[in-house]
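Chain by chain, the residues:
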Amino acid sequence: MGAGTGRAGAPPPWSPRGPEAHSGRLRGGDGWGGRCTVRRRGAGPRCSPHCLGESHPPSPPAGPSVLFPSSALPGSPSALRAGMAELRPSGAPGPSAPPAPGPTAPPAFASLFPPGLHAIYGECRRLYPDQPNPLQVTAIVKYWLGGPDPLDYVSMYRNVGSPSANIPEHWHYVSFGLSDLYGDNRVHEFTGTDGPSGFGFELTFRLKRETGESAPPTWPAELMQGLARYVFQSENTFCSGDHVSWHSPLDNSESRIQHMLLTEDPQMQPVQTPFGVVTFLQIVGVCTEELHSAQQWNGQGILELLRTVPVAGRPWLITDMRRGETIFEIDLHLQERVDKGIETDGSNLSGVSAKCAWDDLSRPPEDDEDSRSICIGTQPRRLSGKDTEQIRETLRRGLEINSKPVLPPINPQRQNGLTHDRAPSRKDSLESDSSTAIIPHELIRTRQLESVHLKFNQESGALIPLCLRGRLLHGRHFTYKSITGDMAITFVSTGVEGAFATEEHPYAAHGPWLQCKLPKEYSWPEKKLKVSILPDVVFDSPLH
């Protein structure tokens with residue numbers, strides 16, 4: 001029942017019960033948040049303009065969760081110590097203060113404690129030796145028992161900050177469940193100790209503590225569960241610099257903090273577990289204007305600007321939900337730095353998951369060999385594994401902004417320093433969930449088209465200037481991967497190697513994957529390019 005092979009009964013990523021992709025909404029708190037576009041390392045698909053440089057999709061309604069002190073939870077340090085006491089023979093002496101799990105835990109205790117959980121607890125205990133039993137939020141029914149929430153626990157610590165470094169007191173949240181906690185394939189497939197454990201990371205969040213606040217708010221735990229559901233359903237992973245556009249106050253208030261960036265946690269170090277390596281990615285709440293700047297430029301650049309503004313994050317990027325001004329309103333010179341960065345560097349957002357479609361106007365729509373639906377019998381063709389891998393590679397290469405832009409060769413075994421190889425059973429991040437037939441990649445011919453019609457919804461269409469100004473003008477590529485159908489559109493510029501669209505034939509289709517090669521000038525009537533910005537309702541219909 002491991003996630004690597006798909007959990008029985010789990011809704012597909014884009015089903016009505018999954019991330020509400022048809023409306024691009026992500027659930028936040030007790031209600032559906034807003035549109036979600038998540039940004040990924042300069043290259044990846046997200047839900048509505050999703051980010052790889054990606055934007056990421058929404059999540060389903062959460063199951064019930066309960067707040068406990070960690071000592072009350074099965075598998076927690078205190079619970080296991082209590083279990084050990086019950087197992088001692090009557091009259092046998094026991095330690096007056098049994099050690100909590102951590103680097104120095106005795107073998108007898110460690111054998112009872114799930115090894116992956118033990119390793120993360122050890123890192124938490126290193127930071128918070130005086131808080132061995134923090135409050136935790138846990139789902140009543142675990143994901144591996146059929147519950148909807150992938151995170152087993154979210155621990156909440158009180159961090160005193162550092163007044164000398166201008167770091168305020170805050171609450172520190174740490175997730176347990178995106179990495180492999182158990183090593184028995186109940187959730188994640190174990191593939192060895194050298195690669196990532198599970199998805200290779202856990203989420204953290206730092207929330208400014210309000211004056212007089214004696215207990216941590218629990219809404220960040222649901223926020224983390226929402227992001228975890230997206231990761232499990234789509235099997236897209238996050239990395240530092242990614243963005244998530246949530247389009248709703250993170251705490252369901254009237255706050256301007258309505259989106260997220262991701263960065264390395266400033267205190268928690270990567271840990272080696274028996275099931276692989278786990279890193280810690282911190283969620284950082286941002287305003288809409290800051291998100292847009294991250295999309296048009298890059299997430300890391302905006303994170304660095306946030307660190308320079310005392311009320312907007314400080315060195316540890318602590319989220320303050322009461323912040324009422326953007327960094328550009330606080331410091332008017334910061335917008336100039338962003339504009340200069342866009343002009344100099346371009347954008348590292350190299351693709352999004354979006355509501356989009358395309359038509360081949362070169363042939364009648366009833367043609368059996370329509371580029372979008374090459375068929376075997378009555379089964380429409382879906383993106384092959386190699387197509388999916390190449391599109392995925394295209395998106396993930398977006399951060400390599402200083403290297404020569406290349407559409408990577410089709411290679412199922414990816415070797416790249418930006419991400420870890422995924423276990424073979426995990427589906428690629430862009431793989432379709434449909435059950436339609438797959439045609440071997442080698443049997444699909446590339447077709448040159450004379451005229452095409454590209455269709456985008458408003459949110460996706462709003463990223464076209466970014467595609468042109470931030471990507472193509474810098475000699476790069478940009479990909480839209482449809483979340484409502486099995487197709488993709490990649491814009492390439494002169495100088496991008498590996499593209500099958502050429503100067504002579506600027507529109508080329510490999511099955512449902514369309515490539516458009518655009519010149520430096522974008523007024524191109526002689527090539528019969530047609531682009532439409534359409535309302536969402538058009539894409540909610542099975543007929544585009």
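If you're wondering where the values come from, they're calculated on a predicted model, not measured in any experiment.

**Q** Help me out: how do you make sense of the overall build of the protein in this one?
**A** The secondary structure content of the protein amounts to twelve helices and 23 strands. Scored against the burial criterion, the 544 residues of the protein give a buried share of 58%. A fraction of 70% describes how many contacts in the protein between residues 6 or more apart in sequence connect residues 24 or more apart. Only carbon and sulfur atoms are counted for the fraction: they give 54% of the accessible area of the protein, which is about 21,400 Å².

**Q** Looking at this structure, how should I read the nonpolar core?
**A** Considering soluble globular proteins, one finds that nonpolar side chains tend to be buried as a cluster. Membership of the largest hydrophobic core comes to 52 residues, with the highest contact counts inside it found for Phe176, Leu178, Leu203, Phe238 and Ile283. Contributing elements (two or more residues each) for this core: helix H3 (115–127), strand E6 (153–159), strand E7 (170–176), strand E8 (196–208), helix H4 (219–234), strand E10 (259–264) and strand E12 (276–286). With nine residues, the single largest contributor to this core is H4. Ile283 has contacts with Leu203, Thr204, Phe205, Leu223, Met224, Leu227, Met260, Leu261, Leu262 and Thr319, leaving out every residue within four places of it along the chain. Ranked by size, the runner-up nonpolar core spans 26 residues in total, among them Val352, Leu514, Cys516 and Leu518.

**Q** Can you help me understand the packing of aromatic side chains in this one?
**A** For any two aromatic rings, the description comes down to two numbers: the centre-to-centre distance and the angle of the planes. Inspection of every chain in the model, using the stated rule, returns 14 aromatic pairs. On the basis of an interplanar angle of 65° and a centroid distance of 5.6 Å, the ring pair of Trp144 and Tyr182 is categorised as edge-to-face. In this pair, Trp144 sits in the loop between strand E5 (135–139) and E6 while Tyr182 sits in the loop between E7 and E8, placing the two residues 38 residues apart along the sequence. There is no split in this pair, since Trp144 and Tyr182 are both buried. Plain terms: the ring middles of Tyr173 and Phe205 are 6.1 Å apart, the flat faces sit at 45° to each other, and that makes the pair tilted. With Tyr173 in strand E7 and Phe205 in strand E8, this residue pair connects regions lying 32 residues apart in the sequence. In this arrangement the basic side chain of Arg186 is found over the ring face of Tyr182, its NZ or CZ atom lying 3.8 Å from the centre.

**Q** Looking at this structure, I do not really get the pattern of salt bridges. What am I missing?
**A** If the charged atoms of two oppositely charged side chains come close together, the side chains can form a pair. Per the stated rule, a full pass over the model turns up 15 salt bridges. The closest approach of N and O atoms between Arg209 and Glu169, which form a salt bridge, is 3.5 Å. With Arg209 in the loop between E8 and H4 and Glu169 in the loop between E6 and E7, this pair connects stretches of sequence that are 40 residues apart. A salt bridge links Asp265 to Arg206, with the shortest nitrogen-to-oxygen separation between them at 2.8 Å. Residue Asp265 is located in the loop between E10 and strand E11 (271–273), and its partner Arg206 is located in strand E8; the two are separated by 59 residues in the primary sequence.

**Q** So what exactly am I meant to see when it comes to the sheet that holds strand E22 (residues 513–518) here?
**A** Across a sheet, paired strands are connected by hydrogen bonds in the backbone, their directions being either parallel or antiparallel. The strand order across the open sheet built from six strands is E13-E19-E20-E22-E21-E17, with neighbouring strands paired in mixed fashion. With one partner strand each, in any of the chains shown, strand E13 (351–354) and strand E17 (446–449) form the two edges of the open sheet. Strand-to-strand, the axes of this sheet are offset by a mean angle of 20°, without reference to chain direction. For strand E19 (residues 477–482) and strand E20 (residues 488–493), the ladder comprises five bridges, and the chain directions are antiparallel. Directly across from Thr479, in E20, lies its bridge partner Thr490. Lying on the sheet, helix H11 (residues 464–471) is in contact with E19, E20 and E22; it crosses E19 at an angle near 155°.

**Q** Honestly, H4 in this entry has me stumped. Any pointers?
**A** At 3.6 residues per turn, the α-helix brings residues three or four places apart onto the same side. Over its 16 residues, H4 extends 23 Å from the first C-alpha to the last, a length consistent with the 22 Å expected when each residue adds 1.5 Å. Of the residues one or two after H4, Glu235 is the one with positive phi, at around 60°.

**Q** Looking at this structure, how should I read helix H6 (residues 299–308)?
**A** Where H6 is concerned, the buried positions are Gly299, Gly301, Ile302, Leu303, Leu305 and Leu306. Considering only its buried residues, H6 is in contact with E10, E12, helix H5 (288–296), helix H7 (327–330) and helix H8 (333–345).

**Q** Before we go on, may I ask you to explain the packing of H5 against H6 in this structure?
**A** A pair of packed helices is captured by two measures, namely the crossing angle of their axes and the spacing between those axes. Between H5 and H6, whose axes approach to 7 Å, the crossing angle comes to 140°. Our classification of the angle between H5 and H6 gives oblique. Residues Glu290, Ser293 and Ala294 of H5 form the contact with H6, whose own contacting residues are Gly299, Ile302 and Leu306.

**Q** So what exactly am I meant to see when it comes to the side chain of His172 here?
**A** Note on placement: His172 falls in strand E7. Within the local environment of His172, its side chain forms a polar contact with the side chain of Tyr128, the two groups lying 2.7 Å apart. Polar contacts involving the side chain of His172 include one to the side chain of Arg206, which spans 3.5 Å. Excluding residues that lie within four positions of it along the chain, His172 makes contacts with Leu127, Tyr128, Ser155, Met156, Tyr157, Thr204, Phe205, Arg206, Asp265 and Met268.

**Q** Just to check I follow, could you spell out a nonpolar patch on the surface for this structure?
**A** On the surface, Ile140, Val141 and Leu145 cluster together into a nonpolar patch covering about 290 Å² of accessible area. With respect to the helices and strands, Ile140 occurs in the loop between E5 and E6.

**Q** Looking at this structure, how should I read unusual backbone geometry?
**A** Leave glycine aside and you will find that most residues have negative phi; peptide bonds, for their part, are mostly trans. A positive phi angle, near 70°, is found at Asn185, a position not held by glycine. Residue position: Asn185 is located in the loop between E7 and E8. In this structure Asn185 comes out as partly exposed when scored by relative accessible area, which is 38%. Of note, Glu235 is a non-glycine position whose phi angle comes to about 60°, a positive value.

**Q** How do you make sense of the pairing of E12 when you look at a structure like this?
**A** In summary, the side chains of a regular strand alternate between the two faces of the sheet. Burial analysis of E12 places nine of its eleven residues in the buried class, which makes it a mostly covered element. Sheet topology places E8 next to E12; six bridges connect them, and they run parallel. Across the sheet, residue Glu202 finds its bridge partner in E12, namely Phe280. Bridge count between E10 and E12: six bridges; the pairing is antiparallel. Following the sheet pairing, Thr263 is matched in E12 by Gln282.

**Q** Any chance you could explain the confidence of the model for the protein here in plain terms?
**A** Summing up the model confidence of the protein, the mean pLDDT is 73 and the portion of residues at 70 or higher is 62%. Below pLDDT 50 for its whole length, residues 1–64 participates in 319 contacts with residues either more than four positions away or in separate chains.

**Q** What's the story with the state of the cysteines in this structure? I'm lost.
**A** As used here, a disulfide is simply a covalent bond connecting the sulfur atoms of two cysteines. By the definition in use, this model includes zero disulfides. Residue Cys467 stays outside any disulfide, its sulfur separated by 9.7 Å from that of Cys516, the closest cysteine.

**Q** Hey, could you run me through the environment of Phe201 in this one?
**A** In this fold, Phe201 is placed in strand E8. When its relative accessible area of 2% is taken as the criterion, Phe201 is described as buried. In this structure the C-alpha to C-alpha distance between Phe201 and Ser179, which are 22 residues apart in sequence, comes to 5.8 Å.

Definitions and limits used
- Residues numbered from 1 in each chain as written.
- Predicted model: local features only at pLDDT ≥ 70, side-chain atom pairs only at ≥ 80, totals over all residues.
- Heavy atoms only, no water.
- Helix = DSSP H or I, 4+ residues; strand = E, 2+ residues; numbered from the N terminus.
- Buried < 20%, exposed > 50% of the residue type's maximum accessible area, 1.4 Å probe, protein only.
- Contact = heavy atoms within 4.5 Å.
- Areas by Shrake-Rupley, 256 points an atom, 1.4 Å probe, with all protein chains shown as cover.
- Core = buried A, V, L, I, M, F, W, Y, C linked by side-chain atoms within 4.5 Å.
- Phe/Tyr/Trp six-rings, centres within 6.5 Å; stacked < 30°, edge-to-face > 60°.
- Lys NZ or Arg CZ within 6 Å of the ring centre and 35° of its normal.
- Salt bridge = Lys/Arg side-chain N within 4 Å of Asp/Glu carboxyl O.
- Pairing = 2+ DSSP bridges.
- Axes fitted to C-alpha atoms, helices over the stretch in contact; angles between N-to-C directions.
- Expected span 1.5 Å × (residues − 1).
- Parallel < 35°, antiparallel > 145°, perpendicular 65-115°, else oblique.
- Polar contact = N/O pair within 3.5 Å; in protein donor to acceptor, adjacent residues only side chain to side chain.
- Patch = residues over 30% accessible without salt bridge, like charges linked within 9 Å, V, L, I, M, F, W, Y side chains within 5 Å.
- pLDDT = per-residue confidence, 0-100.
- Disulfide = S-S within 2.5 Å.

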